[in-house]
Amino acid sequence: METISDLLRRSIRDVPDFPKKGIIFKDITPILGHAPTYKRVIDELVSRWGPRKIDQVVGIESRGFIFAAPLAYAIGAGLSIVRKPGKLPWETIRETYQLEYGEDGLELHIDAVGPGERVLVVDDLLATGGTAEAVGKLVARQGAELAGYAFVVELAFLEGKRRLGAGQVDSLVTF
Ligand code: AMP
């Protein structure tokens, strides 16, 4: 059988200069639109993280949700969502992080995760790691245990993994 890495290499579409000049956007929509590929990706995440006793899966807006939700369902974990500021209706905590120009923020409901829970943070892609690092801080601030980070794609040359520290960081394909 084809490896997950090879399957993803030929499924992900590179879109040059999106959303701005100089960025090569990794478009994951061909994975989603092809039923056997989407299933294989979710099954792979389930086999890697299912045995690790995860209580809550935290998905990052918005492409993280696409992988976090079926993973949480399949491994019997809860699903929590991290969103851009102002989107979550109830009380939240917020982390801000630096972008190339300016800063951005992410929020989590205060009761989404808590002490005694093992949490897995999920996003579609790891680039510089700024986004995932901010989410890790949100989880830690709530007293939950950060079990790891799961990504479909990792852009290794941006060294995001280093930023996420010594914990478990796993991706299905690395460029
Ligand atoms: P970063 O905080 O730099 O690790 O960026 C990760 C976030 O930005 C993820 O939510 C990705 O979906 C998105 N992202 C960053 N770079 C790319 C890229 N080249 N292609 C697709 N998505 C990207």
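Just above, that's the structure.
Just so it is clear, the structure is predicted and the values come from calculations on it, not from any experiment.

Chemist: I tried to follow helix α5 (residues 130-141) on my own but got confused; where do I start?
Modeler: An α-helix turns once every 3.6 residues. As a result, residues three or four positions apart point the same way. End to end, α5 covers 17 Å across twelve residues, agreeing with the expected 16 Å (1.5 Å per residue, within 8%). What α5 keeps buried is the set Gly130, Ala132, Ala134, Val135, Gly136, Leu138 and Val139. A positive backbone phi angle near 80° is found at Gly143, which sits one or two residues after α5.

Chemist: It is not clear to me how the site of the ligand should be interpreted in this structure. Could you clarify?
Modeler: Taken together, 13 residues sit near the ligand, with Arg63, Asp124, Thr128, Gly129 and Thr131 positioned nearest. For the ligand, an oxygen atom lies 2.8 Å from a polar atom in the side chain of Arg63. Take Thr131: an N or O atom from its side chain is 2.6 Å from an oxygen atom of the ligand. Its free accessible area being 490 Å², the ligand has 81% of it covered by the protein chains. Mapping the ligand onto the cavity grids shows that it belongs to the largest pocket. Elements that contribute at least two residues to the shell around the ligand include exactly β2 (24-27), β7 (118-126) and α5. The residue inventory of the shell around the ligand, partitioned by class, reads five nonpolar, four polar and four charged.

Chemist: So what exactly am I meant to see when it comes to the packing of aromatic side chains here?
Modeler: Two aromatic rings, taken as a pair, are described by how far apart their centres are and by the angle between their planes. Across all of its chains, the model carries three aromatic pairs by this definition. Aromatic pair Phe18 and Phe25: ring centres 5.2 Å apart, planes at 85°, arrangement edge-to-face. The ring centre of Phe175 lies 3.8 Å from the NZ or CZ of Lys26, which sits over that ring. Here the guanidinium or amino end of Arg52 rests over the ring plane of Trp49, the centre of that ring lying 4.1 Å away.

Chemist: When you look at the layout of surface pockets in this model, what are you seeing that I'm missing?
Modeler: In this structure, the largest pocket occupies an estimated 1200 Å³ of space. Contributions of two or more residues to the lining of the largest pocket are made by β2, β5 (92-98), β6 (103-109), β7 and α5. Counting residues per element, the lining of the largest pocket draws most heavily on β7, at four residues.

Chemist: So what exactly am I meant to see when it comes to the nonpolar core here?
Modeler: Where a protein is soluble and globular, its nonpolar side chains tend to be buried together. Among the nonpolar cores identified, the biggest contains 28 residues, and Leu8 and Val41 are the most heavily contacted of them. When contributions to this core are tallied by element, the ones reaching two or more residues are α1 (4-11), α3 (35-49), α4 (63-75), β7, β8 (145-154) and β9 (169-174). Take this core: its biggest share by element is five residues, from α4. What Leu8 contacts, discounting residues up to four positions off in sequence, is Ile31, Val41, Val152, Leu172 and Val173. In this structure, Leu108, Ala132, Ala134 and Phe151 belong to the second largest nonpolar core, which totals 22 residues.

Reading guide: rules and limits
- Residue numbers run consecutively from 1 along every chain, following the written order of its sequence.
- Per-residue local features are limited, in this predicted model, to residues with pLDDT of at least 70; the limit for side-chain atom pairs, both in listing and counting, is 80 or more; totals at the level of whole chains, interfaces and linings are taken over all residues.
- Water and hydrogen atoms were dropped before computing side-chain values, which therefore reflect all heavy atoms in the structure.
- A run of H or I in DSSP counts as a helix once it spans at least four residues, and a run of E counts as a strand once it spans at least two, with each numbered from the N terminus.
- To estimate how far a helix should extend, the number of its residues minus one is multiplied by 1.5 Å.
- When accessible area is computed with a 1.4 Å probe and restricted to protein chains, residues below 20% of their type maximum are described as buried, those above 50% as exposed, and intermediate ones as partly exposed.
- Put simply, a residue is near a molecule or strand once any heavy atom of it comes within 4 Å of that molecule or strand.
- Think of a polar contact as two N or O atoms within 3.5 Å of one another; within protein, one of them needs to be a possible hydrogen donor and the other a possible acceptor, and neighboring residues in sequence only count if both atoms come from side chains.
- Calculation of accessible area relied on Shrake-Rupley with a 1.4 Å probe; when residues are assessed, cover is drawn exclusively from the protein chains displayed.
- Buriedness for pockets is judged along seven lines, at least five of which must meet protein on both sides within 12 Å for an open set on the 1 Å grid over protein atoms alone, while cavities are sets there where a 1.4 Å probe fits but cannot get out, and lining residues have an atom within 4 Å of a point.
- Each molecule is assigned to a cavity or pocket provided more than half of its atoms lie within 2 Å of the corresponding grid points.
- Residue type decides the class: Asp, Glu, Lys and Arg count as charged, Ala, Val, Leu, Ile, Met, Phe, Trp, Tyr, Cys and Pro as nonpolar, and the leftover types, Gly among them, as polar.
- Stacked, tilted and edge-to-face are the three classes assigned to paired rings of Phe, Tyr and Trp, where Trp is represented by its six-membered ring and a pair needs centres within 6.5 Å; plane angles under 30 degrees give stacked, over 60 edge-to-face, the rest tilted.
- Throughout this description, the term charge over a ring refers to an Arg CZ or Lys NZ atom that lies within 6 Å of the ring centre and within 35 degrees of the ring normal.
- Grid points are joined across faces, edges and corners, and a volume is the space filled by probe spheres set on the points.
- What makes a nonpolar core is a set of buried Ala, Val, Leu, Ile, Met, Phe, Trp, Tyr and Cys residues whose side-chain atoms join them at distances within 4.5 Å.
- Residue contacts are defined here by distance: any two heavy atoms, one from each residue, within 4.5 Å place the two residues in contact.

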